[in-house]
Every structure is written in structure tokens, then in C-alpha cells.
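Geometric and topological summary
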Amino acid sequence: MRLAVAGLLLVLLLLQARLWLGDGSIPEVIALREAVEQQAQENARLDERNRALAADVADLRDGLEGIEERARRDLGMIGEDERFFRVIDESRR
């Protein structure tokens, strides 16, 4: 009888050890779930960025307004009938 109890106790300890320390253990599952959540957040951020870039591409394909906006913002374009005034904020110096 004692041998059977000792054997069952040994099996229980081995199963518990595998549950807490082996492959697919509880801590490993928790870490994997956190990694999946972080990856999902990163994917959502990248999806938003992709949507913005796709909107930019569509705008550039459809008309000159998008091209003009980019030229103004990135290259400092000024139209023929426009005047450029540069305002320097003295408090930032």
C-alpha cells in the first residue's frame, strides 16, 4: 500500500514539475500570450501607417493637389502668385 501511495505521489510530482517547468508550462504560456498581445499592438500600428500611406498614394495618383501639398511641405514650394513670409519666434532662441 505504501508503495502505491509513494508511486502515485511521484507521478503527481512529475506532472506538477512538467506543468511548471517543462515545454508548454504555465509561465511559458503567459509569456507567449504577452508576446502575442504586443505583436497585435504593433500590427495595429503598422496597419494604421499602411492605411495612411495608401491614402497618400491614392491622393498622389488622383490629382495635383497631393503633389502640390508634398512639394510645399517637403521642398518649400511657393506658387507664382504667392508671397512667402518667414516668421522667427524670438522666444525659441
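Since this is a predicted model, take the numbers as computed values, not measurements. (Residues numbered from 1 in each chain as written. Predicted model: local features only at pLDDT ≥ 70, side-chain atom pairs only at ≥ 80, totals over all residues. Heavy atoms only, no water.)

1. Here's the deal with a nonpolar patch on the surface
To keep it simple, the criterion reads: Exposure above 30% relative accessible area and no salt bridge define the residues that can form patches, which grow by joining like charges within 9 Å and nonpolar side chains of Val, Leu, Ile, Met, Phe, Trp and Tyr within 5 Å. We get accessible surface area from the Shrake-Rupley algorithm with a probe of 1.4 Å; when it comes to residues, only the shown protein chains can shield them. Any carboxyl oxygen of Asp or Glu that lies within 4 Å of a side-chain nitrogen of Lys or Arg is treated as forming a salt bridge with it. Elements are defined by DSSP. Helices are runs of H or I of four residues or more, strands are runs of E of two residues or more, and each kind is numbered from the N terminus.
On the surface, Leu19, Trp20, Leu21, Ile26 and Ile30 cluster together into a nonpolar patch covering about 490 Å² of accessible area. For the nonpolar patch, the secondary structure elements donating two or more residues are α1 (2–21) and α2 (26–62). Looking at which element gives the most residues to the nonpolar patch, the answer is α1, with three residues. The residue isoleucine 26 is located in helix α2 in this model.

2. A short note on helix α3 (residues 64–75)
Since the α-helix packs 3.6 residues into each turn, any two residues three or four apart lie on the same face. Applied cut-off: Helix span, expected: 1.5 Å multiplied by one less than the number of residues in the helix.
The end-to-end C-alpha distance of α3, which contains twelve residues, comes to 15 Å, matching closely the 16 Å that a straight helix rising 1.5 Å per residue would cover. Trailing α3 by a residue or two, glycine 76 shows a phi angle of about 75°, which is positive.

3. Notes on the confidence of the model for the protein
To keep it simple, the criterion reads: Each residue carries a pLDDT score, the predictor's own confidence in it, on a scale running from 0 to 100.
For the protein, per-residue confidence averages 86 on the pLDDT scale, and 99% of positions sit at 70 or higher. For the protein, the element scoring lowest by mean pLDDT is α3, at 80; α2 scores highest, at 92.

4. Overview of the pattern of salt bridges
Summed over the entire model, instances satisfying the criterion amount to five salt bridges. Residue glutamate 42 pairs with arginine 45 through a salt bridge whose shortest N-O separation is 2.6 Å. Taken together, the residues glutamate 42 and arginine 45, both in helix α2 and three residues apart, mark about one turn of the helix. What you see here is one network of salt bridges that share partners, running through Glu68, Arg72 and Glu82.

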